[in-house]
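# Fold and geometry: a report
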Protein chains: 2
Amino acid sequence: MSSPVDALQRLRQMHEDAVLAALRSAGALSRAQLTQHTGLSRTTLFAIISDLIERGAVVETEAVPTGPRGRGRPASLVALNPAAGLLLGLDMGRRRVRMAIANMAHQVVATETEDVPAGAGVEELTEAAVRLVRRVAEEREIRLGALKSVGVGLVGVVGEPDLPAETVSARYAPMTRRIAEEFGVGVMVDNNARLAALAEATWGAARLVRDMVYVRWSVGVGGGFLCGGRLLRGAHGAAGELGHVSLDPRGPLCHCGGRGCLEGRVGGQALLEACAARGVALAGVDALVAAAQDRVAEVCEVVAAAATDLGRVLAGTVTQLDPAQVVIGGELAALGSLVLGPIDAEISRQALPRSPRRIKVVPADLGANASAMGAIALLLHEEPPVPLHLQPAAF
Amino acid sequence: MSSPVDALQRLRQMHEDAVLAALRSAGALSRAQLTQHTGLSRTTLFAIISDLIERGAVVETEAVPTGPRGRGRPASLVALNPAAGLLLGLDMGRRRVRMAIANMAHQVVATETEDVPAGAGVEELTEAAVRLVRRVAEEREIRLGALKSVGVGLVGVVGEPDLPAETVSARYAPMTRRIAEEFGVGVMVDNNARLAALAEATWGAARLVRDMVYVRWSVGVGGGFLCGGRLLRGAHGAAGELGHVSLDPRGPLCHCGGRGCLEGRVGGQALLEACAARGVALAGVDALVAAAQDRVAEVCEVVAAAATDLGRVLAGTVTQLDPAQVVIGGELAALGSLVLGPIDAEISRQALPRSPRRIKVVPADLGANASAMGAIALLLHEEPPVPLHLQPAAF
């Protein structure tokens, strides 16, 4: 049997861990909020916070009124000490690497983007990311030695680490190994659309709900589902794959092997082709969004029809998952009511009416850095369900 | 500050609670399994178990080899004392009340069924259930005074308890109140298709997986999703509503307000009508299943076409939720490969191929009492996300 002193120390440690986990996950919290989050008594909590402040692990900050309705005068907040370390989030896209660095108090200290050539391989992408991070750190005098861990958002299915080498996830193993070695810290990975959903749930449009369907409408169509406050990952890391739900089982063959997939109908490439067929040649998704904002009639019609198709699929998702909110992200979300209107109409028309509360269809809050910020949220969250790929001794 | 003695007692209590919760949720466990489940050291765990055995809360039992591959000689198991109390599960169907009673060691001690007239109201259903339980208890000499709580499965959306009175869930409030008063214990409720899913996950076809899509194919079409080991409930208690996913946005109007809903195409009533249109008049779903088992050609064709439609919807669900397993329950599941074949084919053809592991489509294990047993599983599970509706002082 362990001694009473050991037992007390462990109890104390468990309480301290609970406080730190709540702050990691939620950012700055008042003492009252911390009491709720941890279930600790006021007396115990106050003693722990005093000790943590004395040891420099947490700091007391001025309260900033947040949320929809601030009431009364703001209480002072407790947060992890920003100086306690940095977290790096990387979003490895098809043509672009994005990075974000935040401190332990949830403050973003740098974001940056670098284009990579179309068709760049994993190695090229990895080196571009490392160069980008090193350059930004030097320019902005960010001490990379303070990095505590790195989160990485990846395109496609991010499988379990124990999947055999021939699966899609294995092609990323050299990347995570290289990044872990470069920065001497642990690396966590997830699909980048799911990470964007996590970012919206942590800091963005869905921060007040626990059940949310997120879709990223861009060149590809991806998604992420928050259910009961947790991001769904699935048995093989593929949960959220909205783009490959079939709209028509007799439709054209998709690269995934299915037929009539949503992405083949409403993804950026399909929209550009539909515009071209109507005589409007556009260079890419950014140009398409600009043309729709300029109210080019053919482009608006193509986009509105696609939004209806997307809404049809989302109506099925809403019926099955029963979210409080649907969040539309990606470049197409910038078109506002042109896309939100038809999506909302399809969901209202088709999805099971289930309560007097309407399901809100809203645009994403976080813009292009959402996945990189989601990679940081992945590191901050209390119970990270995606395993650490590599955990060097230096961590 | 609390005294060191208080703190130690609380630590001890937390450890004990963890052991009891693991046993409640998983049934009988070996000491090695309990070490894994609770994270306690062997020394601490063994001391706690000895104490619990001495106090009569848990018992030591002979190990029964379970699971796909038993290895080595079976270790002795620890379980909650069966004499520690009873749990009652009720499944309130449209035409039938089912009940199951289990002890704390997960052993089912009684199941029974009673038909109720079609169109019976909530009050009639409630009284039938109370009569049934009283009668079974008397006949089999079950002491209802030992009841610790009651789980109830309900048809339709089981909303949050704080929803306004005009919502569908409110019509069940008199039922839960009456049952709580009758037996003097707390009552928990959930949708009965979701409870069948929970039962399959706890004791049945899905007990070895953490991500599972369950569909109950009967007069209605319902479902339940297990994601990362948790049953999804949704923001308004409606998660799992497979029956109202639309197959065709221009299809016939459904009672839910949508168009072309799956249930309207493949639910029992629709199948009976399709058979009648082909000249085969059948009295109900049981007769339909019997005719298909007798290989009546028209009936088999109708059922196989419906299985393909169901498979189309499930392919979308699988693409989005990425389960390890799809479990088909309800009366139609008795038709084996006639229904499993087309469902499997649609999922294989359409759902995103995501790993070398094929998604298994399997029939449910638990039969007609699945929802009543799921109501017991709801009570046993460690972290019940559905609130206690009523908690009388007697509890």
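Residues take numbers from 1 onward in each chain, read along the sequence in its written order. Each chain gets a letter, beginning with A, and each ligand a number, beginning with 1, in the order they are written. With the structure being a predicted model, the display of local features is reserved for residues of pLDDT at least 70 and the display and counting of side-chain atom pairs for 80 or more, all residues being used for whole-chain, interface and lining totals. Think of the side-chain values as coming from all heavy atoms in the structure, minus any hydrogens and water.

Word for word, the UniProt comment on chain A under Sequence similarities (unreviewed entry) is "Belongs to the ROK (NagC/XylR) family." UniProt positions are given in the numbering used here, feature names are shortened, and annotations may be inferred rather than shown by experiment.

Attention now goes to the overall build of chain A. What counts as a helix is a DSSP run of H or I of at least four residues, what counts as a strand is a run of E of at least two, and both are numbered from the N terminus. What chain A contains, in helices and strands, is 12 helices and 14 strands. Buried residues in chain A amount to 54% of all 395 residues. Taking contacts inside chain A between residues at least 6 apart in sequence as the whole, the part at least 24 apart equals 64%. Burial here depends on accessible area, computed with a 1.4 Å probe over protein chains only, as a share of the maximum for the residue type. Under 20% is buried, over 50% is exposed, and the range in between is partly exposed. By definition, residues are in contact when any of their heavy atoms lie within 4.5 Å.

Let us look at the side chain of N191(B). All names here are of chain B. Locating N191 in the fold gives a position in strand β8 (residues 186-191). Looking at N191, its side chain comes within polar contact range of the main-chain nitrogen of R194, at 3.0 Å. Once residues within four sequence positions are removed from consideration, N191 is found in contact with L154, V155, G156 and V158. What qualifies as a polar contact is a pair of N or O atoms within 3.5 Å, subject to a donor-acceptor requirement within protein and to the restriction that residues adjacent in sequence count only when both atoms come from side chains.

Another aspect to go through is the pattern of salt bridges. Note on definitions: salt bridges are taken to be side-chain nitrogens of Lys or Arg within 4 Å of carboxyl oxygens of Asp or Glu. Within the structure shown, the criterion is met by 31 salt bridges over all chains. Residue R55(A) is joined to E16(A) by a salt bridge in which the shortest nitrogen-to-oxygen separation is 3.0 Å. Linking R55(A) in the loop between α3 (42-54) and β2 (58-61) with E16(A) in helix α1 (residues 4-26), this pair joins segments that are 39 residues apart in sequence. Here R349(B) and E346(B) are joined by a salt bridge, their closest N and O atoms 3.5 Å apart. With a gap of 3 residues between them, R349(B) and E346(B) both fall in helix α11 (residues 337-350), about one helical turn apart. R349(B) sits in the partly exposed class, given a relative accessible area of 39%. Classification of E346(B) as buried rests on a relative accessible area of 9%. Ionic contacts of the salt-bridge type, sharing partners, join the residues E127(A), R134(A), R178(A) and E182(A) into one network.

Before going further, it helps to examine the pairing of strand β10 (residues 221-227) of chain A. All names here are of chain A. Within β10, 7 of the 7 residues are buried, which leaves the element mostly enclosed by the surrounding structure. Of the two faces of β10, both are covered, the one formed by V221, G223, F225 and C227 as well as the one formed by G222, G224 and L226. Examined bridge by bridge, strand β9 (residues 212-217) and β10 share 6 bridges and lie antiparallel to one another. Opposite V213, over in β10, you have F225 as the bridge partner. Where β9 folds back on β10, the antiparallel hairpin that results is connected by 3 residues. Where β10 and strand β11 (residues 230-231) come together, 2 bridges link them in antiparallel fashion. Within β11, the position partnered with C227 by the bridge is R230. Strands were regarded as paired on the criterion that DSSP finds at least two bridges between them. Counting the residues in the hairpin turn of β10 and β11 gives 2 residues, including G228, whose phi is positive at 60°.

Another point: unusual backbone geometry. Although it is not a glycine, E141(A) sits at a positive phi angle of roughly 55°. Structurally, the position occupied by E141(A) is in the loop between α4 (122-139) and β7 (147-154). For E141(A), a relative accessible area of 74% gives the class exposed. In this model, R295(B) sits at a positive phi of 60°, which is unusual for a non-glycine residue. Mapped onto the secondary structure, R295(B) falls in the loop between α9 (285-293) and α10 (297-321). Judged by its relative accessible area of 51%, R295(B) is exposed.

Side-chain rings of Phe, Tyr and Trp, where Trp is taken by its six-membered ring, are said to pair if the distance between their centres is within 6.5 Å; with planes under 30 degrees apart they count as stacked, over 60 as edge-to-face, and otherwise as tilted. Tallying each qualifying case throughout the model produces 0 aromatic pairs over all chains. If you follow R31(A) out to its NZ or CZ, it ends over the ring of F46(A), 5.2 Å from the centre. Over a ring means this: the NZ of a Lys or the CZ of an Arg is within 6 Å of the ring centre and within 35 degrees of the ring normal.

Residue and element names in this part refer to chain B. A helix is expected to reach a length of 1.5 Å times the quantity of its residues less one. The terminal C-alpha atoms of α11, which comprises 14 residues, lie 19 Å apart, in line with the 20 Å expected from a rise of 1.5 Å per residue. Of all the residues in α11, the buried ones are L338, V339, L340, P342, I343, E346, I347 and Q350. Packed against the buried residues of α11 are β9 (212-217), α9, α10, β12 (325-329) and β13 (360-363).

Residues and elements named next belong to chain B. At their nearest, the axes of helix α2 (residues 31-38) and helix α3 (residues 42-54) sit 11 Å apart, and the two run at 115° to each other. As judged from the angle between their axes, α2 and α3 are roughly perpendicular. As for the relative orientation of α2 and α3, their crossing is right-handed in sense. Between α2, through R31, L34, T35 and T38, and α3, the contact on the second element is made entirely by L45, F46, I49 and I53. Gly is placed with the polar residues, together with every amino acid not listed as nonpolar (Ala, Val, Leu, Ile, Met, Phe, Trp, Tyr, Cys and Pro) or charged (Asp, Glu, Lys and Arg). When the residues that make up the contact of α2 with α3 are grouped by side-chain class, the tally is 5 nonpolar, 2 polar and 1 charged. Each axis is a line fitted through C-alpha atoms, taken for helices only over the stretch in contact, and angles between the N-to-C directions span 0 to 180 degrees. For classification, angles of less than 35 degrees are called roughly parallel, those exceeding 145 degrees roughly antiparallel, those between 65 and 115 degrees roughly perpendicular, and all remaining angles oblique. Crossings are assigned a handedness: left-handed for a near helix turned anticlockwise from the far helix by less than a right angle, right-handed for a clockwise turn.

Attention now moves to the sheet that holds strand β1 (residues 29-30) of chain A. The 3 strands are arranged β1-β3-β2 (chain A) in an open sheet whose pairing can be described as antiparallel. Edge positions in the open sheet fall to β1 and β2 of chain A, since each of these has one partner strand only.

Within this scheme, the nonpolar core is defined by two criteria: the residues are buried Ala, Val, Leu, Ile, Met, Phe, Trp, Tyr or Cys, and they are joined through side-chain atoms within 4.5 Å. Judged by nonpolar contacts, the single largest core of 92 residues is most densely connected at W217(A), L314(A), W217(B) and L314(B). Residues within four places of W217(B) in sequence aside, it is in contact with V266(B), L271(B), V303(B), A306(B), A307(B), L310(B), G329(B), G330(B), E331(B), L332(B) and V339(B).

Further remarks concern the sheet that holds β13(B). All names here are of chain B. Pairing in this open sheet of 5 strands is mixed, and the strands run β11-β10-β9-β12-β13 from one edge to the other. Two strands in the sheet have a free side with no partner beyond their single neighbour: β11 (230-231) and β13. For β12 and β13, the ladder comprises 4 bridges, and the chain directions are parallel. Bridge assignment links Q325 to a residue of β13, and that residue is K360.

The next subject is the side chain of E16(A). We classify E16(A) as buried; its relative accessible area is 7%. Apart from the residues within four sequence positions on either side, E16(A) is in contact with I48(A), D51(A), L52(A) and R55(A).

This part is about the confidence of the model for chain A. A residue's pLDDT is the predictor's confidence in that residue, given on a scale from 0 to 100. Model confidence for chain A is summarised by a mean pLDDT of 84, while 87% of its residues fall at 70 or above. Below a pLDDT of 50 lies the segment residues 382-395 of chain A, which in the model reaches 36 contacts outside its immediate sequence neighbourhood of four places, other chains included.

What follows covers the pairing of strand β4 (residues 86-92) of chain B. Residues and elements named next belong to chain B. Summarising burial for β4: 7 of the 7 residues are buried, a large majority. Residues L86, L88, L90 and M92 of β4 are buried on one face, and the alternating residues L87, G89 and D91, pointing to the opposite face, are buried as well. As paired strands, β4 and strand β5 (residues 96-103) are joined by 7 bridges and run antiparallel to one another. Residue pairing for β5: D91 is matched across the bridge by R98.

Inspection of the secondary structure puts G260(A) in the loop between β11 and α7 (262-266). If sequence neighbours within four positions are ignored, G260(A) has contacts with V245(A), S246(A), L247(A), D248(A), G251(A) and P252(A).

What follows deals with the packing of helix α6 (residues 192-202) of chain B against helix α12 (residues 370-380) of chain B. Between two packed helices, both the angle of their axes relative to each other and the distance between the axes serve to describe the pair. All names here are of chain B. In the contact formed by α6 and α12, the axes pass within 7 Å of each other and the chain directions differ by 75°. Relative to α12, the element α6 lies roughly perpendicular. Residue-level inspection shows N192, L195, A196, L198, A199, E200 and T202 of α6 in contact with α12, the latter providing A370, S371, M373, G374, A375, A377 and L378. Tallied by class, residues from the contact of α6 with α12 come to 9 nonpolar, 4 polar and 1 charged.

A separate point is the state of the cysteines. Residues and elements named next belong to chain A. The definition used for a disulfide is geometric: two cysteine sulfur atoms within 2.5 Å. Scanning the model with the defined rule gives 0 disulfides over all chains in all. Left without a disulfide partner, C254 is nearest to the cysteine sulfur of C261, which lies 3.9 Å away. Relative accessible area serves as the criterion here: at 13%, C254 is assigned to the buried category. C256 takes part in no disulfide bond, and the closest cysteine sulfur, belonging to C261, lies 3.7 Å away.

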